[in-house]
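Given next are the chains, with one letter for each unit.
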Amino acid sequence: MKKTIAVAATLAIGGVGGYALASGEPAAAGAEGHCEVAEYAMGLRWQQQSAEAMALQGQTYALATQQLEKVVQQASKGRSGKLREDLAIITDLDETAIDNSALLARDLENCHDYSTWDTWDHWEREGDPTLIHGALDFFKRADELGVHIYYISDRTEANLDDTLADLQRLGLPQAVEDQVLLLGPPKEKRRAAVESEHRVVMQLGDTMHDFDAAYAGSDLETQRELVQQQADKFGREWFVLPNPTYGSWSKATLESWDVEPNEGL
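Treat the numbers as computed from the prediction; the structure is a model and nothing was measured.

Comments concerning the nonpolar core
Most often, soluble globular proteins keep nonpolar side chains buried together rather than apart.
Thought 1: Among the nonpolar cores identified, the biggest contains 33 residues, and Tyr-61, Leu-68, Ile-89, Phe-138, Phe-139 and Met-202 are the most heavily contacted of them.
Thought 2: Looking at this core, the elements with two or more residues in it are α2 (51–75), β5 (87–91), α5 (135–144), β8 (148–156), α6 (160–169), β9 (180–183) and β10 (199–205).
Thought 3: It is α2 that contributes the most residues to this core, 6 residues altogether.
Thought 4: Ala-41, Leu-103, Trp-123 and Tyr-246 belong to the second largest nonpolar core, which has 14 residues in total.

The structure is reproduced here in structure tokens:
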């Protein structure tokens, strides 16, 4: 998932330097030494470096593989193993199939708020994303099973060739122009286009609007209510990858324990 916020000018944050957008290179940092975006560091460390993130990613894709094999077996006809239906899966790219944390870490090091996404265009063209743990084996297995794979991402359509090159370099199957649907129509319409030609049996993403347009623009309370209402989909039709580095929750107010420190001691 990637936020799609276009920024046409250099951003200054808390008196600390912004970016030269044409090149994507960081401008010199200010003298204050204070970084307002340092709060992103913990989530980014977890996503990029923790064994727990790696385990959860692998676990999610392992469960998705088991479920997909079950669905394909049910859709096969007799001993021939041929599918009776034209099955497809839909997946997000960023922080679902591919890892862009190197860009986020670079921006954080320069005290730049990566959640504005003004450095993303440069990354799409010249960056070096890696694979999310477990993703390659899953998508290769889907390909072996005869399932169509559609990569639906809010990466920029103008950088389609660069995104295709990255996906092909990483070995992701079916990474061809007709099956990599980038930003233009909303994700809901792109999903509907796939559903008009295939039976979509699984979706994967790292944010809830990767699955259902009802989440897009909704407040967090509504999103949480929708998760409860759609609980039967998770682990069966929908598989969520962890991403603590950015999302609609990032400015949420925390609920704290209403007791003063050391009270009662």
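Points about the packing of helix α1 (residues 41–49) against helix α3 (residues 101–109)
Thought 1: Two elements in contact, α1 and α3, have axes whose closest approach is 10 Å; the angle formed by their N-to-C orientations is 150°. In terms of orientation, α1 lies roughly antiparallel with respect to α3. Both α1 and α3 take part in a crossing whose hand is left-handed. Of the residues in α3, those touching α1 at Ala-41, Leu-44 and Gln-48 are Ser-101, Ala-102, Leu-104, Ala-105 and Leu-108.
Thought 2: In terms of residue class, the contact of α1 with α3 is made up of 6 nonpolar, 2 polar and no charged.

Concerning unusual backbone geometry
Thought 1: One non-glycine residue, Glu-95, lies in positive phi territory at about 65°.
Thought 2: Mapped onto the elements, Glu-95 comes out in the loop between β5 and β6 (98–99).
Thought 3: Residue Glu-95 is classed as buried on the basis of its relative accessible area of 1%.
Thought 4: One non-glycine residue, Cys-111, adopts positive backbone phi at about 55°.
Thought 5: The residue Cys-111 is located in the loop between α3 and α4 (120–126) in this model.

Digging into a negative patch on the surface
Thought 1: A surface patch of negative charge is lined by Glu-157, Asp-161, Glu-177 and Asp-178.
Thought 2: Structurally, Asp-178 is set in the loop between α6 and β9.
Thought 3: You can call Asp-178 exposed: its relative accessible area is 64%.

Definitions and cut-offs
For every chain, the first residue of the written sequence is number 1, and numbering continues from 1 onward in sequence order. Given that the model is predicted, a residue must reach a pLDDT of at least 70 before its local features are reported, and side-chain atom pairs must reach 80 or more before they are shown or counted; all residues, however, enter totals for whole chains, interfaces and linings. Derived side-chain values reflect all non-hydrogen atoms in the structure, with water molecules and hydrogen atoms excluded from consideration. Think of a nonpolar core as a cluster: buried Ala, Val, Leu, Ile, Met, Phe, Trp, Tyr and Cys residues, connected wherever their side-chain atoms sit within 4.5 Å. When accessible area is computed with a 1.4 Å probe and restricted to protein chains, residues below 20% of their type maximum are described as buried, those above 50% as exposed, and intermediate ones as partly exposed. Numbering goes from the N terminus for both helices and strands, where a helix is a DSSP run of H or I of at least four residues and a strand is a run of E of at least two. Angles shown run from 0 to 180 degrees and are taken between the N-to-C directions of axes, each axis being a line fitted to C-alpha atoms and, for helices, limited to the stretch in contact. Should an angle lie under 35 degrees it is considered roughly parallel, over 145 roughly antiparallel, and from 65 to 115 roughly perpendicular; all remaining angles are considered oblique. Crossing chirality is assigned from the near helix's rotation relative to the far helix, an anticlockwise turn below a right angle marking it left-handed and a clockwise turn marking it right-handed. Residues count as neighbours in contact if any of their non-hydrogen atoms are within 4.5 Å of one another. Following the grouping adopted for this structure description, the nonpolar residues are Ala, Val, Leu, Ile, Met, Phe, Trp, Tyr, Cys and Pro, the charged ones are Asp, Glu, Lys and Arg, and the polar ones are all others, Gly among them. Each patch is built from salt-bridge-free residues with over 30% relative accessible area, joining like charges within 9 Å and nonpolar side chains (Val, Leu, Ile, Met, Phe, Trp, Tyr) within 5 Å. Values of accessible area rely on a 1.4 Å probe in the Shrake-Rupley scheme; residue burial ignores everything except the protein chains shown. Throughout this description, the term salt bridge denotes a Lys or Arg side-chain nitrogen within 4 Å of a carboxyl oxygen of Asp or Glu. Charged residues are defined narrowly, with Lys and Arg counted positive, Asp and Glu counted negative, and His plus the chain ends left uncounted. Charged side chains are reduced to one point each, which is NZ for Lys, CZ for Arg, CG for Asp and CD for Glu.

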